[in-house]
Amino acid sequence: MIHLKSAAEIDTIARAGAILAELYRRIPAEVRAGVTTAQLDRWAEDFIRAHPGAEPAFKGLYGFPATLCISVNHEVVHGIPSTRRALQDGDVVSVDCGVKLEGFYADAAVTLPVGAIAPEVQGLLNRTREALSRGIEQAHPGRRLGDVGAAIQAVADQAGYGVVRELVGHGVGRQPHEEPQVPNFGTAGKGLKLLEGMVLAIEPMFNLGSAGVRTLPDRWTVVTADRKVSAHFEHTVAVTADGPRILTV
(Lines give C-alpha, C1' and ligand atoms only; values in the text may rest on other atoms or scores of the structure.)
Protein backbone atom coordinates (compact mmCIF):
# COMPACT_ATOMS: atom_id res chain seq x y z
CA MET A 1 0.00 0.00 0.00
CA ILE A 2 1.22 3.48 -0.88
CA HIS A 3 0.84 6.10 1.85
CA LEU A 4 0.39 9.65 0.62
CA LYS A 5 1.78 12.26 3.00
CA SER A 6 0.17 15.50 4.09
CA ALA A 7 2.04 18.80 3.84
CA ALA A 8 2.69 18.67 7.60
CA GLU A 9 4.09 15.14 7.36
CA ILE A 10 6.34 16.16 4.48
CA ASP A 11 7.62 19.06 6.59
CA THR A 12 8.49 16.61 9.37
CA ILE A 13 10.40 14.39 6.94
CA ALA A 14 12.17 17.54 5.73
CA ARG A 15 13.29 18.29 9.30
CA ALA A 16 14.80 14.82 9.51
CA GLY A 17 16.29 15.41 6.08
CA ALA A 18 17.86 18.67 7.18
CA ILE A 19 19.88 16.76 9.78
CA LEU A 20 21.08 14.42 7.05
CA ALA A 21 21.92 17.35 4.80
CA GLU A 22 24.10 18.90 7.49
CA LEU A 23 25.73 15.52 8.17
CA TYR A 24 26.63 15.23 4.49
CA ARG A 25 27.89 18.81 4.43
CA ARG A 26 30.32 18.00 7.24
CA ILE A 27 31.36 14.43 6.56
CA PRO A 28 33.77 15.11 3.67
CA ALA A 29 36.15 16.64 6.22
CA GLU A 30 36.05 13.34 8.15
CA VAL A 31 36.70 11.14 5.11
CA ARG A 32 40.49 10.89 4.79
CA ALA A 33 43.23 8.31 4.56
CA GLY A 34 43.80 6.41 7.81
CA VAL A 35 40.31 6.90 9.22
CA THR A 36 38.46 3.67 9.88
CA THR A 37 34.91 3.15 8.78
CA ALA A 38 34.01 2.50 12.43
CA GLN A 39 35.29 5.97 13.33
CA LEU A 40 33.07 7.52 10.66
CA ASP A 41 30.14 5.55 12.00
CA ARG A 42 30.70 6.77 15.57
CA TRP A 43 31.04 10.35 14.35
CA ALA A 44 27.74 10.09 12.46
CA GLU A 45 25.85 8.54 15.35
CA ASP A 46 27.07 11.23 17.75
CA PHE A 47 26.13 13.93 15.24
CA ILE A 48 22.59 12.61 14.78
CA ARG A 49 21.93 12.06 18.48
CA ALA A 50 23.09 15.62 19.22
CA HIS A 51 19.80 16.77 17.63
CA PRO A 52 16.93 16.46 20.15
CA GLY A 53 14.58 13.61 19.25
CA ALA A 54 16.66 12.38 16.31
CA GLU A 55 17.77 8.76 16.02
CA PRO A 56 19.92 6.83 13.54
CA ALA A 57 17.39 5.11 11.29
CA PHE A 58 19.54 2.17 10.25
CA LYS A 59 21.01 1.03 13.57
CA GLY A 60 19.15 -2.16 14.50
CA LEU A 61 16.99 -2.03 11.36
CA TYR A 62 16.53 -5.63 10.19
CA GLY A 63 19.48 -6.39 12.48
CA PHE A 64 21.95 -3.98 10.84
CA PRO A 65 24.58 -3.14 13.49
CA ALA A 66 25.53 0.44 12.62
CA THR A 67 24.39 4.00 11.90
CA LEU A 68 26.02 4.21 8.47
CA CYS A 69 26.19 1.81 5.59
CA ILE A 70 29.77 2.40 4.41
CA SER A 71 30.74 0.78 1.13
CA VAL A 72 34.25 1.15 -0.27
CA ASN A 73 35.33 0.89 -3.91
CA HIS A 74 33.66 -2.21 -5.41
CA GLU A 75 31.17 -2.45 -2.54
CA VAL A 76 27.81 -1.16 -3.78
CA VAL A 77 25.73 -0.82 -0.60
CA HIS A 78 25.22 -2.07 2.96
CA GLY A 79 28.87 -2.24 3.97
CA ILE A 80 29.29 -2.73 7.72
CA PRO A 81 31.63 -0.26 9.47
CA SER A 82 34.72 -1.88 10.98
CA THR A 83 37.64 -0.93 13.19
CA ARG A 84 39.79 -3.00 10.81
CA ARG A 85 38.83 -1.07 7.66
CA ALA A 86 40.98 2.05 7.24
CA LEU A 87 40.45 4.26 4.22
CA GLN A 88 43.32 4.74 1.78
CA ASP A 89 44.16 7.46 -0.73
CA GLY A 90 42.47 6.67 -4.01
CA ASP A 91 39.48 4.92 -2.41
CA VAL A 92 35.91 5.99 -2.96
CA VAL A 93 33.49 5.54 -0.10
CA SER A 94 29.71 5.44 -0.34
CA VAL A 95 27.96 6.65 2.80
CA ASP A 96 24.27 5.80 3.17
CA CYS A 97 22.42 7.12 6.22
CA GLY A 98 18.91 7.58 7.55
CA VAL A 99 17.43 9.70 10.33
CA LYS A 100 14.25 9.08 12.29
CA LEU A 101 12.56 12.14 13.80
CA GLU A 102 9.08 12.43 15.32
CA GLY A 103 8.05 9.08 13.85
CA PHE A 104 9.20 9.79 10.27
CA TYR A 105 12.26 8.78 8.29
CA ALA A 106 14.55 10.47 5.76
CA ASP A 107 17.21 8.67 3.74
CA ALA A 108 20.17 9.88 1.66
CA ALA A 109 23.51 8.70 0.30
CA VAL A 110 26.64 10.11 -1.29
CA THR A 111 29.88 8.67 -2.69
CA LEU A 112 33.04 10.55 -1.73
CA PRO A 113 36.65 10.39 -2.89
CA VAL A 114 39.53 9.77 -0.49
CA GLY A 115 42.27 12.04 -1.75
CA ALA A 116 42.97 11.96 -5.49
CA ILE A 117 41.09 9.33 -7.49
CA ALA A 118 41.38 8.03 -11.04
CA PRO A 119 39.71 10.21 -13.68
CA GLU A 120 37.42 7.36 -14.80
CA VAL A 121 36.26 6.89 -11.22
CA GLN A 122 35.63 10.62 -10.81
CA GLY A 123 33.60 10.44 -14.00
CA LEU A 124 31.52 7.63 -12.50
CA LEU A 125 30.79 9.74 -9.41
CA ASN A 126 29.88 12.76 -11.52
CA ARG A 127 27.52 10.87 -13.80
CA THR A 128 25.82 8.99 -10.97
CA ARG A 129 25.17 12.30 -9.20
CA GLU A 130 23.87 13.72 -12.48
CA ALA A 131 21.56 10.72 -12.90
CA LEU A 132 20.07 11.39 -9.47
CA SER A 133 19.25 14.94 -10.57
CA ARG A 134 17.71 13.68 -13.82
CA GLY A 135 15.55 11.20 -11.94
CA ILE A 136 14.39 13.82 -9.45
CA GLU A 137 13.38 16.11 -12.31
CA GLN A 138 10.74 13.55 -13.30
CA ALA A 139 9.04 13.48 -9.88
CA HIS A 140 5.93 15.46 -10.87
CA PRO A 141 2.30 14.44 -10.29
CA GLY A 142 0.96 12.60 -13.31
CA ARG A 143 4.29 11.29 -14.52
CA ARG A 144 5.24 7.65 -14.19
CA LEU A 145 7.84 5.67 -12.28
CA GLY A 146 9.15 4.61 -15.67
CA ASP A 147 9.95 8.25 -16.41
CA VAL A 148 12.17 8.38 -13.31
CA GLY A 149 13.92 5.11 -14.14
CA ALA A 150 14.35 5.93 -17.82
CA ALA A 151 15.93 9.30 -17.04
CA ILE A 152 18.43 7.64 -14.69
CA GLN A 153 19.17 4.76 -17.05
CA ALA A 154 19.80 7.12 -19.98
CA VAL A 155 22.76 8.69 -18.15
CA ALA A 156 24.30 5.29 -17.44
CA ASP A 157 23.71 3.98 -20.95
CA GLN A 158 25.37 7.02 -22.50
CA ALA A 159 28.46 6.52 -20.32
CA GLY A 160 28.54 2.73 -20.65
CA TYR A 161 28.00 2.01 -16.95
CA GLY A 162 26.18 -0.95 -15.43
CA VAL A 163 22.89 -0.09 -13.70
CA VAL A 164 22.32 -2.25 -10.63
CA ARG A 165 18.92 -3.91 -10.97
CA GLU A 166 18.68 -6.04 -7.84
CA LEU A 167 18.60 -2.92 -5.63
CA VAL A 168 16.17 -0.05 -6.14
CA GLY A 169 14.79 3.07 -4.52
CA HIS A 170 11.62 3.05 -2.46
CA GLY A 171 8.94 5.00 -0.70
CA VAL A 172 9.78 6.45 2.69
CA GLY A 173 7.75 7.99 5.52
CA ARG A 174 6.57 6.37 8.73
CA GLN A 175 8.65 3.37 7.70
CA PRO A 176 12.16 3.49 6.25
CA HIS A 177 11.10 1.33 3.33
CA GLU A 178 7.60 1.70 1.89
CA GLU A 179 5.91 1.11 -1.44
CA PRO A 180 6.47 1.83 -4.25
CA GLN A 181 9.77 0.45 -5.42
CA VAL A 182 11.66 2.97 -7.54
CA PRO A 183 13.90 1.23 -10.10
CA ASN A 184 16.88 2.97 -11.68
CA PHE A 185 15.81 1.70 -15.09
CA GLY A 186 12.56 1.67 -16.99
CA THR A 187 10.53 2.84 -19.95
CA ALA A 188 9.29 6.41 -20.14
CA GLY A 189 5.52 6.66 -19.87
CA LYS A 190 5.18 3.26 -18.19
CA GLY A 191 4.69 2.18 -14.60
CA LEU A 192 2.85 3.57 -11.61
CA LYS A 193 1.49 7.10 -11.91
CA LEU A 194 3.10 9.54 -9.49
CA LEU A 195 0.68 11.27 -7.12
CA GLU A 196 0.96 14.39 -5.02
CA GLY A 197 1.99 13.37 -1.51
CA MET A 198 4.26 10.49 -2.50
CA VAL A 199 7.67 10.59 -0.85
CA LEU A 200 10.37 8.63 -2.65
CA ALA A 201 13.97 7.69 -1.96
CA ILE A 202 15.53 7.96 -5.42
CA GLU A 203 18.96 6.32 -5.44
CA PRO A 204 20.90 5.45 -8.60
CA MET A 205 23.67 2.87 -8.23
CA PHE A 206 26.06 2.70 -11.19
CA ASN A 207 28.97 0.33 -11.70
CA LEU A 208 32.09 1.14 -13.69
CA GLY A 209 31.82 -2.33 -15.17
CA SER A 210 28.91 -4.72 -15.52
CA ALA A 211 25.58 -4.46 -13.70
CA GLY A 212 26.05 -7.73 -11.83
CA VAL A 213 26.29 -7.83 -8.04
CA ARG A 214 26.57 -10.43 -5.29
CA THR A 215 26.21 -10.45 -1.50
CA LEU A 216 29.18 -11.32 0.72
CA PRO A 217 28.99 -14.01 3.43
CA ASP A 218 28.27 -11.32 6.06
CA ARG A 219 24.80 -11.28 4.42
CA TRP A 220 24.85 -7.49 4.17
CA THR A 221 27.61 -6.16 1.94
CA VAL A 222 26.68 -6.11 -1.74
CA VAL A 223 29.64 -5.95 -4.15
CA THR A 224 30.08 -5.74 -7.90
CA ALA A 225 30.46 -9.15 -9.52
CA ASP A 226 33.52 -8.01 -11.49
CA ARG A 227 35.04 -6.08 -8.54
CA LYS A 228 34.95 -2.78 -10.41
CA VAL A 229 34.10 0.44 -8.59
CA SER A 230 30.49 1.41 -7.84
CA ALA A 231 28.85 4.74 -6.95
CA HIS A 232 25.62 5.52 -5.10
CA PHE A 233 23.78 8.82 -4.61
CA GLU A 234 20.36 9.29 -2.99
CA HIS A 235 17.86 11.93 -1.92
CA THR A 236 14.45 11.74 -0.30
CA VAL A 237 12.02 13.57 -2.59
CA ALA A 238 8.38 14.61 -2.17
CA VAL A 239 6.06 14.74 -5.17
CA THR A 240 4.20 18.04 -4.80
CA ALA A 241 1.85 20.16 -6.91
CA ASP A 242 4.79 22.52 -7.46
CA GLY A 243 7.07 19.70 -8.61
CA PRO A 244 9.75 17.67 -6.83
CA ARG A 245 10.80 18.87 -3.39
CA ILE A 246 14.12 17.48 -2.20
CA LEU A 247 13.79 16.85 1.54
CA THR A 248 17.44 15.99 2.25
CA VAL A 249 19.01 19.37 1.40
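Rules behind the numbers
Residues numbered from 1 in each chain as written. Predicted model: local features only at pLDDT ≥ 70, side-chain atom pairs only at ≥ 80, totals over all residues. Heavy atoms only, no water. Helix = DSSP H or I, 4+ residues; strand = E, 2+ residues; numbered from the N terminus. Contact = heavy atoms within 4.5 Å. Disulfide = S-S within 2.5 Å. Buried < 20%, exposed > 50% of the residue type's maximum accessible area, 1.4 Å probe, protein only. Pairing = 2+ DSSP bridges. Axes fitted to C-alpha atoms, helices over the stretch in contact; angles between N-to-C directions. Core = buried A, V, L, I, M, F, W, Y, C linked by side-chain atoms within 4.5 Å. Expected span 1.5 Å × (residues − 1). Arc of directions from axis to C-beta.

Draft legend 1. Structural detail: the side chain of asparagine 207. Tracing the backbone through its elements, the reader meets asparagine 207 in strand β10 (residues 205-207). Excluding residues within four positions of it along the chain, asparagine 207 makes contact with Val76, Leu124, Tyr161, Gly162, Val164, Gly212, Val213, Thr224, Val229 and Ser230.

Draft legend 2. Structural view of the state of the cysteines. Per the counting criterion, the structure on display carries 0 disulfides. Free cysteine cysteine 69: the closest other cysteine sulfur is in cysteine 97, separated by 8.5 Å. Accessibility expressed as a relative area gives 7% for cysteine 69, which makes it buried. You can call cysteine 97 buried: its relative accessible area is 0%.

Draft legend 3. Representation of the sheet that holds strand β15 (residues 243-246) within the structure. The sheet built from 5 strands is open, its strands ordered β8-β7-β9-β14-β15 with antiparallel pairing. Edge positions in the sheet fall to β8 (178-182) and β15, since each of these pairs with one other strand and no more. Across this sheet, the average inter-strand angle for adjacent strands is 30°, counted without regard to direction. Note: strand β7 (residues 169-171) against β8, 3 bridges, orientation antiparallel. Note on β8: the bridge partner recorded for glycine 169 is valine 182.

Draft legend 4. Quick look at the nonpolar core. In terms of nonpolar packing, the biggest core is built from 70 residues, with Tyr24, Val93, Ile202 and Phe206 touching the most fellow members. Element by element, the count of residues in this core is highest for helix α1 (residues 7-26), at 8 residues. Val77, Val164, Leu167 and Val213 belong to the second-largest nonpolar core, a separate cluster that totals 7 residues.

Draft legend 5. Highlighting helix α2 (residues 37-49). With 13 residues, α2 should reach 18 Å at 1.5 Å per residue; the first-to-last C-alpha distance of 18 Å fits that figure. Taken residue by residue, α2 has Thr37, Leu40, Asp41, Ala44, Glu45, Phe47 and Ile48 as its buried positions. Angularly, the buried residues of α2 cover 160° about the axis, an arc narrow enough to put them on a single face. For α2, the secondary structure elements touched by its buried residues are α1, β1 (54-56), β2 (68-72) and β4 (92-101).

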